[in-house]
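Notes for the structure review
If you want the building blocks of each chain, they are given just below.
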There are 2 protein chains.
Amino acid sequence: MSGTLHIVGLGPGNERFMTQAAIETLKNADIICGYHVYTALASAVVPDTPVFTTPMRKEIDRCREALRLASEGKDVAMVCSGDAGVYGMAGLIMELAHEFDPVDIDVVCGVTAALSGAAVLGAPLTNDFCTISLSDQLTPWEEIEKRLHAAGEADFCIALYNPMSRHRPLHLQKACDILLEHRNPETVCGVVRQIGRDDQSFWIGTLAKLRDYECDMFCTAFVGNEKTRIIDGRMVTPRGYEKKPEMGSTD
Amino acid sequence: MSGTLHIVGLGPGNERFMTQAAIETLKNADIICGYHVYTALASAVVPDTPVFTTPMRKEIDRCREALRLASEGKDVAMVCSGDAGVYGMAGLIMELAHEFDPVDIDVVCGVTAALSGAAVLGAPLTNDFCTISLSDQLTPWEEIEKRLHAAGEADFCIALYNPMSRHRPLHLQKACDILLEHRNPETVCGVVRQIGRDDQSFWIGTLAKLRDYECDMFCTAFVGNEKTRIIDGRMVTPRGYEKKPEMGSTD
């Protein structure tokens, strides 16, 4: 009898931002798999459910074990931070599934850091936006640079994932230098650290200042478009209603 | 005494995909504001809470009324589908807030259609992605075209919001024609209709076929990157682990 492998997006680091579907899935699971920081979040909801975890960067082993457990008939919840798909494990599991007896695969979406971080800053992603990860672990840096140029030039709002770590201390600086080829240095930017956790903090400033901002691996950075501005301490990208008085009284 | 205005992302059309924070906010609210399709979702959770709604395209009036109610001391939940910020009302409310006595503004993030639709299709957004709305109600079409060229050229995965409506029957076709200038016609694409609702459905095909696919205003369309492929009937964008055997045993 084959089981089900649920890939579950837990949202940012707090049960409040989990969906009902995520919580229900955790409650029904026989076993929780994932990186220990995320399984800890799940265990806060279902403390008695067994956990299988592997060290960081052993994603392939972790996904294979989850598939193996499901192929034995277990109901398995593979947990990811944020969304299950966005830089998450859903794709890798689907790539590896053919190695095992067939299992049902169920993706449970969640709130990715672009959205949860945006809510902390105000409304920076109200118009077309993109996410770019500055980690070149799995994507060649040239490809990342190409996307930064494109996003800068076409005036996307941008959420930068993995902006900086000990292994890549200069990536955020390099990314900002590329964006500065296309954008005003005064472009409104923001950073949110430890989204949803007790020690959550944020910063709002300019693209010129973001370049030298001290991020770490717990940060997500945001770059506004040319219309983004600061209103009452918040980072706000207008959607364009100011040109559409027919959408409400005009005073 | 000033009240609080919560802008609440409800996720796709089903209570299962609401976050705990969204449900808690609805339960504490004195009044729900929003477009009637979304207030109906909220009323399924809190049937006894009063509702203020305005017709479609009266967003400015709706936001002003929500601000006015909050400035009178009420706890107001302005509800949006998906996320509160992504093409949502959070930005507009912050733009209009200065017209009223100060109120606390609280953004409650939610699962936007890019993420909930992706979960239905498989894992199409596993690498850098962007969202582009094909509605030119609030954004000039030239700006949309520029973003389509940029996203096509830099190989972003793309979620197309508002791909088609009676008012813009040709926008999806035009968008695909632009993407086809940069991408292989065999690029894997998908469409999800009525995400999270009982009559949810999806389609997976190619960019050449997406061009002539019959969408409506309940659809979100997805365009893969050059590595996206179909695995066991699902749309999957690899993250790049196949080049990183050190992230797990290599067989």
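The following refers to the structure shown. The model shown is predicted, which means the values in this text are computed figures rather than measured ones.

1. What about the packing of aromatic side chains?
Summed over the entire model, instances satisfying the criterion amount to eight aromatic pairs over all chains. Taken together, a centroid distance of 4.9 Å and an interplanar angle of 55° make the contact between Y87 of chain A and Y161 of chain A tilted. Here the residue Y87 of chain A occupies a position in the loop between β4 (75–80) and α4 (90–96), and Y161 of chain A occupies one in strand β8 (residues 157–161), the gap between them amounting to 74 residues. In terms of burial, Y87 of chain A and Y161 of chain A fall into one category: buried. Their ring planes at 70° and their centres at 6.2 Å tell us that F129 of chain A and F129 of chain B sit as a pair that is edge-to-face. Here the residue F129 of chain A occupies a position in strand β7 (residues 129–133), and F129 of chain B occupies one in strand β7 (residues 129–133), the pair thus bridging two chains. By relative accessible area, which is 2% here, F129 of chain A ends up buried.

2. Topic: helix α2 (residues 36–45) of chain B
Residues and elements named next belong to chain B. All of the buried residues along α2 are T39, L41, A42 and V45. Buried residues in α2, looked at end-on, bunch into an arc of 150°, giving them a common side. Contacts made by the buried residues of α2 are with α1 (20–28), β2 (31–33), β3 (51–52) and β4 (75–80).

3. Concerning the sheet that holds strand β13 (residues 234–236) of chain B
For sheets, the rule is that strands pair by backbone hydrogen bonds, running either parallel or antiparallel. Residue and element names in this part refer to chain B. If you trace the three strands from one edge of the open sheet to the other, you get β6-β13-β12, paired in mixed fashion. Strand pairing shows two members of the sheet lacking a second neighbour, β6 (122–123) and β12 (229–231), which therefore form its edges. Two strands pair when backbone bridges link them, and β6 and β13 are joined in this way by two bridges, in the parallel orientation. Considered in β13, the bridge of G122 is made with M235.

4. Remarks on the relation of the copies chain B and chain A
Mapping chain B onto chain A calls for a rotation angle of 180° and an axial translation of 0.0 Å; the resulting RMSD is 0.0 Å. Taken together, the rotation and translation describe the operation of a two-fold axis. Same-surface contact between copies: 100% of interface residues of chain B are shared with the interface of chain A.

5. Regarding the nonpolar core
Core analysis: the largest hydrophobic core is formed by 136 residues, its most contacted members being I7 and L26 of chain A together with I7 and L26 of chain B. Apart from residues lying up to four places away in sequence, I7 of chain B is in contact with M78, C80, A84, M89, A90, I93, I105, D106, V107 and V108 of chain B.

6. Describing the packing of helix α6 (residues 141–153) of chain A against helix α7 (residues 171–180) of chain A
Residues and elements named next belong to chain A. Between α6 and α7, whose axes approach to 9 Å, the crossing angle comes to 40°. Here α6 is positioned oblique relative to α7, judged by the angle of their axes. As for the relative orientation of α6 and α7, their crossing is right-handed in sense. Across the interface between the two elements, W141, E145, L148, H149 and G152 from α6 touch H171, K174, A175, I178 and L179 from α7. Of the residues belonging to the contact of α6 with α7, the class tally is five nonpolar, three polar and two charged.

7. Digging into the pattern of salt bridges
All told, the structure shown has 26 salt bridges over all chains when counted by the stated rule. In this structure, the salt-bridge partner of K74 of chain A is E72 of chain A, at a minimum N-O distance of 4.0 Å. Given a relative accessible area of 33%, K74 of chain A falls into the partly exposed group. Close ionic contact of E95 of chain A with R229 of chain B constitutes a salt bridge, the shortest N to O distance being 3.9 Å.

Thresholds applied
- Residues numbered from 1 in each chain as written.
- Chains lettered and ligands numbered in written order.
- Predicted model: local features only at pLDDT ≥ 70, side-chain atom pairs only at ≥ 80, totals over all residues.
- Heavy atoms only, no water.
- Phe/Tyr/Trp six-rings, centres within 6.5 Å; stacked < 30°, edge-to-face > 60°.
- Helix = DSSP H or I, 4+ residues; strand = E, 2+ residues; numbered from the N terminus.
- Buried < 20%, exposed > 50% of the residue type's maximum accessible area, 1.4 Å probe, protein only.
- Arc of directions from axis to C-beta.
- Contact = heavy atoms within 4.5 Å.
- Pairing = 2+ DSSP bridges.
- Least-squares fit on C-alpha atoms with pLDDT ≥ 70 in both.
- Core = buried A, V, L, I, M, F, W, Y, C linked by side-chain atoms within 4.5 Å.
- Axes fitted to C-alpha atoms, helices over the stretch in contact; angles between N-to-C directions.
- Parallel < 35°, antiparallel > 145°, perpendicular 65-115°, else oblique.
- Left-handed = near helix turned anticlockwise from the far one by under 90°.
- Nonpolar A, V, L, I, M, F, W, Y, C, P; charged D, E, K, R; others polar.
- Salt bridge = Lys/Arg side-chain N within 4 Å of Asp/Glu carboxyl O.

Nothing here speaks to function; it is geometry throughout.
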